[in-house]
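Here are the chains, one letter per residue:
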Amino acid sequence: MRHNLITSSKEGLKIDTPKTRTSTRDIPMTKKVYNILKRQQSESEGNKDDFVFYAAKGPVSCKRITHEINVILRNMEEDGIAFPYFTLHSTRRTFATRCIENGMNPQVLKTILGHATLAMTMDLYSHVLPDIKAEEMKKVAKAF
């Protein structure tokens, strides 16, 4: 990640530099995810800045994505379909939680997420640890 799209009250949407030194990073992804994002990017007409989500007026902001998520959730609710509320940021939390649940090295996860310290990563996702602790203790029990 080399830049952020931010909303400025004076300038509207603008490209800015990441918040911290650790925010500037390469973000690994699976080949399948890469292909999906490249296809989405290529289908955006007039996308001169190589954004993944781009509309006729320019890049799509997080605020716009949040609005669209809310419209979809509201329509589902009106159709009698129960679905818990979530935000775009929820997808980041879900990713990190699944990484921890599947045994990703915490130091690697810290780097992928762009956290400055391992403590920050583990503090944010410690809710996953009780189940993992129980599984790890089973491994220890087998050793005895």
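Everything numeric here is computed off the predicted structure, so don't read it as measured data.

Focus on the overall build of the chain
Part 1 of the reasoning: Along the chain, the regular secondary structure elements total 6 helices and 4 strands.
Part 2 of the reasoning: Along the chain, from the amino end to the carboxyl end, the secondary structure elements read β-β-α-β-β-α-α-α-α-α.
Part 3 of the reasoning: Computed over the C-alpha atoms, the radius of gyration of the chain is 19 Å, more than 25% above the 15 Å expected from 2.2 N^0.38 for a compact globule of 144 residues.
Part 4 of the reasoning: If one aligns the C-alpha atoms of the chain with their principal axes, the spans along those axes are about 65 × 45 × 30 Å.
Part 5 of the reasoning: Counting over 144 residues, the chain shows a buried share of 22%.
Part 6 of the reasoning: Restricting the contact set of the chain to residue pairs at least 6 apart, pairs at least 24 apart contribute 32%.
Part 7 of the reasoning: Total accessible area computed for the chain in this model is approximately 11,100 Å², and 58% of it derives from carbon and sulfur atoms.
Part 8 of the reasoning: Charged side chains of the chain number 23 positive and 16 negative; the gap between the two group centres comes to 5 Å.

Concerning the pattern of salt bridges
Opposite charge on two side chains lets them pair, provided their charged atoms get close.
Part 1 of the reasoning: In this structure the tally under the stated criterion is 3 salt bridges.
Part 2 of the reasoning: Glu 11 is paired through a salt bridge with Lys 14; the nearest N and O atoms lie 3.6 Å apart.
Part 3 of the reasoning: Relative accessible area serves as the criterion here: at 53%, Glu 11 is assigned to the exposed category.

Structural notes on the side chain of Ser 61
Part 1 of the reasoning: Among the secondary structure elements, Ser 61 is positioned in the loop between strand S4 (58–59) and helix H2 (62–78).
Part 2 of the reasoning: Within the structure, Ser 61 has its side chain in polar contact with the backbone nitrogen of Arg 64 (distance 3.1 Å).

Cut-offs used in this document
- Residues numbered from 1 in each chain as written.
- Predicted model: local features only at pLDDT ≥ 70, side-chain atom pairs only at ≥ 80, totals over all residues.
- Heavy atoms only, no water.
- Helix = DSSP H or I, 4+ residues; strand = E, 2+ residues; numbered from the N terminus.
- Rg over C-alpha atoms; globule rule 2.2 N^0.38 Å.
- Buried < 20%, exposed > 50% of the residue type's maximum accessible area, 1.4 Å probe, protein only.
- Contact = heavy atoms within 4.5 Å.
- Areas by Shrake-Rupley, 256 points an atom, 1.4 Å probe, with all protein chains shown as cover.
- Lys, Arg positive; Asp, Glu negative; His and termini not counted.
- Charge placed at Lys NZ, Arg CZ, Asp CG, Glu CD.
- Salt bridge = Lys/Arg side-chain N within 4 Å of Asp/Glu carboxyl O.
- Polar contact = N/O pair within 3.5 Å; in protein donor to acceptor, adjacent residues only side chain to side chain.

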